[in-house]
Every structure is written in structure tokens, then in C-alpha cells.
Amino acid sequence: MLATSLVLVAALLHATWNTLIKFSAERLLVIASMDLVALLFAVCAVAFTEFPPAQIWPWLLASALAEQLYRFLLIQAYRVGDLGLVYPLMRGLSPLVVLGLTLAFAGESLSQQQIIGILLIPCGMACLLWQGGGGDRLPWSMLPVVALIGLCIGCYTWFDGQAVRLWGKPWDYLVWLSLLSSWPFPLLAVVARRGPFMLFWRTQWRLGLAVGFCVLFSYALVLWAMHLGSVAEAAALRELSVILVVLLGMRYLKEPFGGPRLLACGLVLAGMLVMKL
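Residues numbered from 1 in each chain as written. Predicted model: local features only at pLDDT ≥ 70, side-chain atom pairs only at ≥ 80, totals over all residues. Heavy atoms only, no water.

As a reminder of what qualifies: UniProt positions are given in the numbering used here, feature names are shortened, and annotations may be inferred rather than shown by experiment.
Under an unreviewed UniProt entry, the name given to the protein is EamA family transporter, and the organism recorded is Pseudomonas muyukensis. Of the protein, the UniProt comment under Subcellular location (unreviewed entry) reads exactly: "Cell membrane".

As C-alpha cells, then:
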């Protein structure tokens, strides 16, 4: 029950920071700011953590690389697609990736009910391809990009899950992962867009801090949940954020809801209920 509660809170935070990024016209600067907050946190906290054992470093490096690709592709996708279309599509693929990796390599035992619940979630996401999900159609050329984002999310989620299972120290893992993954985008912003980046922090520092803290807390809660329970189930339950993002997009970005998005949200909710009943 604790693991489920942690994941649901993480889903709320994840939906919030993605909405803030989509809402901003300066997405590169928002992501750079978010990473700067995480980097400062990691630098302050690293003295209170244990150095990762040798067997954890491959998972750390693989997760950090997948996250960099994820951030880059996320900026591209949010430039052209509705939040309520891009976000559910990319998140819908990740439970399938985690489920496949878990069954193939992790030896984790999942019940038939859990597997059915997990599979319902990407089925719901597939509904969004019908008539553009009730809003502007995402260009077909961007679908491979969105799919690759989902692959990145699934991979780094699984990498993280295996690492915290092996090490058993989610807090320490988060700090070291932040040190590895949180410097490229702030460096890019300083080198390529120093003036706008400094102006962003003077005028929109609250947005930078809000996104940074949402990302950190969301990640910490998911790592804790995966340490306590099933990695595949945690990855799937986190997709409650899909429903929240669709509602936030409708409320704050004036995106249409439509039948496909309603059906997608219903299938996500049904999948979570099947897993937990």
C-alpha cells in the first residue's frame, strides 16, 4: 500500500512538471533550470551518501544516457504536439518496455492480473492515434520520436529499478544519478544561451525551482516505491499521470478533450484497478 501511495504522489508531481514545461515557450531553459536545481541538490547531498559499488555504475551510466536522450526528444515533441496527446503516447509505451525487460531479464514474478492491468495502459494510449486524440493531430513524422521517448522512459525506469534492488539505497542512488545526468543541459544553456538563461532566472526563478523540485521529489518517490515493490507495477501505476496531464492540458492549455482521450483515460484507470484489486 505504501509503494502504491508513493507512486500516485509521484504521478501527480510528474504531471505537474510536464505541464509547466509545455506551458513555457522556453522549454530548453526550463529543462536546464530543472537540471540545475537537481545538480545543486546533488552537490550539497553527496557528502552524506555512500559511494556506489562497482556493480551499480553500469546502471547509473545507462540511466543517465537514456535520460539525456529523453530530455532532448521531449523538447522536440512538445514543440509540435498537444500536451494531452504527446505525453500519454510517450508514457503509454514505457510500461510495455519495463514489462518486457522485467519478464526477460529480471526474473520478477508477476501475476496474470498484474500483466493484464499493465497491458491495458498502452492499449488506452493507442486510442489517442484515432483522430489525433480529439485535438490537433501530431504529425506522423513525430510518432517515431514519441515512441523513442517512451523507449527511453521504459529503459531508464528499468535500469533504476534494478539498481535500487541491487544496492538498496534509493536516496544515495538518486544523488549520484543527479550528479551524472543533471549537468549537460545547464552547461548547454550557459554556453549557447547565456543571456536568456540568466534573464530566465531573474524573471522566472519560481518556475525553475518548481519544476526542479517536482522532478526531484517525483523521482525519489518512484525509486523508493520500486525498492519496496514490483518495478513493472510501479512503472505502470505511475501512468496515472496520463489522466492528470490530459485534464491539466484541457484546463490550462485549452486543449480539447474528445472521445479518444476519454477512452484512453478510462483504460488507464481500468488497468490500475485491475492491478490492485
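Now that the structure has been shown, we can carry on.
Considerations on the pattern of salt bridges
Quick note on the threshold: Salt bridges are identified by distance alone: a Lys or Arg side-chain nitrogen within 4 Å of an Asp or Glu carboxyl oxygen. Put simply, DSSP marks the helices as runs of H or I at least four residues long and the strands as runs of E at least two long, and each gets a number from the N terminus on. Only protein chains enter the accessibility calculation, which uses a 1.4 Å probe. A residue is then buried if its area is under 20% of the maximum for its type, exposed if over 50%, and partly exposed in between.
Evaluation of the coordinates by the stated rule reveals four salt bridges. Note that Arg-193 and Glu-26 form a salt bridge whose closest N and O atoms lie 2.7 Å from each other. One end of the pair, Arg-193, is in the loop between helix H8 (184-192) and helix H9 (194-203); the other, Glu-26, is in the loop between helix H1 (2-23) and helix H2 (27-45), and 167 residues separate them in sequence. Residue Arg-193 is classed as partly exposed on the basis of its relative accessible area of 27%. Glu-50 is the partner of Lys-169 in a salt bridge, and the nearest nitrogen-oxygen pair spans 3.6 Å.

Describing helix H7 (residues 170-181)
Given 3.6 residues to a turn, an α-helix orients residues that are three or four positions apart in the same direction. Which entries qualify depends on this criterion: One fewer than the residue count of a helix, multiplied by 1.5 Å, yields its expected span. In what follows, a contact means two residues having at least one pair of non-hydrogen atoms within 4.5 Å.
Taking 1.5 Å of rise per residue, the twelve residues of H7 would be expected to cover 16 Å, and the 16 Å separating its terminal C-alpha atoms lies within 8% of that figure. Within H7, the full set of buried residues consists of Pro-170, Asp-172, Tyr-173, Leu-174, Val-175, Trp-176, Leu-177, Ser-178 and Ser-181. Structurally, H7 contributes buried residues whose contacts are with H2, helix H3 (57-80), helix H6 (143-167), H8 and helix H10 (205-228).

What to know about the layout of surface pockets
Stated precisely, the cut-off is as follows: Using a 1 Å grid laid over the protein atoms alone, points where a 1.4 Å probe fits but cannot get out form a cavity; open sets with protein on both sides within 12 Å along at least 5 of 7 lines form a pocket; any residue with an atom within 4 Å of a point counts as lining. Grid points are joined across faces, edges and corners, and a volume is the space filled by probe spheres set on the points. Only Asp, Glu, Lys and Arg are considered charged in this grouping, and only Ala, Val, Leu, Ile, Met, Phe, Trp, Tyr, Cys and Pro are considered nonpolar; every other residue, Gly among them, is considered polar.
Estimated volume of the second largest pocket: approximately 160 Å³. Elements with a minimum of two residues in the lining of the second largest pocket: H7 and H10. Grouping the amino acids of the lining of the second largest pocket by side-chain chemistry returns ten nonpolar, no polar and no charged.

Some remarks on the environment of Trp-171
By secondary structure assignment, the location of Trp-171 is in helix H7. According to the relative accessible area criterion, Trp-171 is partly exposed, its value standing at 46%. Remark: the alpha-carbon pair of Trp-171 and Ala-45, spanning 126 residues in sequence, is separated by 9.6 Å.

A closer look at empty space enclosed by the protein
Using the criterion set out here, one finds three cavities of 30 Å³ or more in the structure. If you add up the space inside the largest cavity, you get close to 170 Å³. Met-34, Glu-67, Arg-71, Val-215 and Tyr-219 are the residues nearest the centre of the largest cavity, which is lined by 18 residues in total. Looking at the lining of the largest cavity, the elements with two or more residues in it are H1, H2, H3, H7 and H10.

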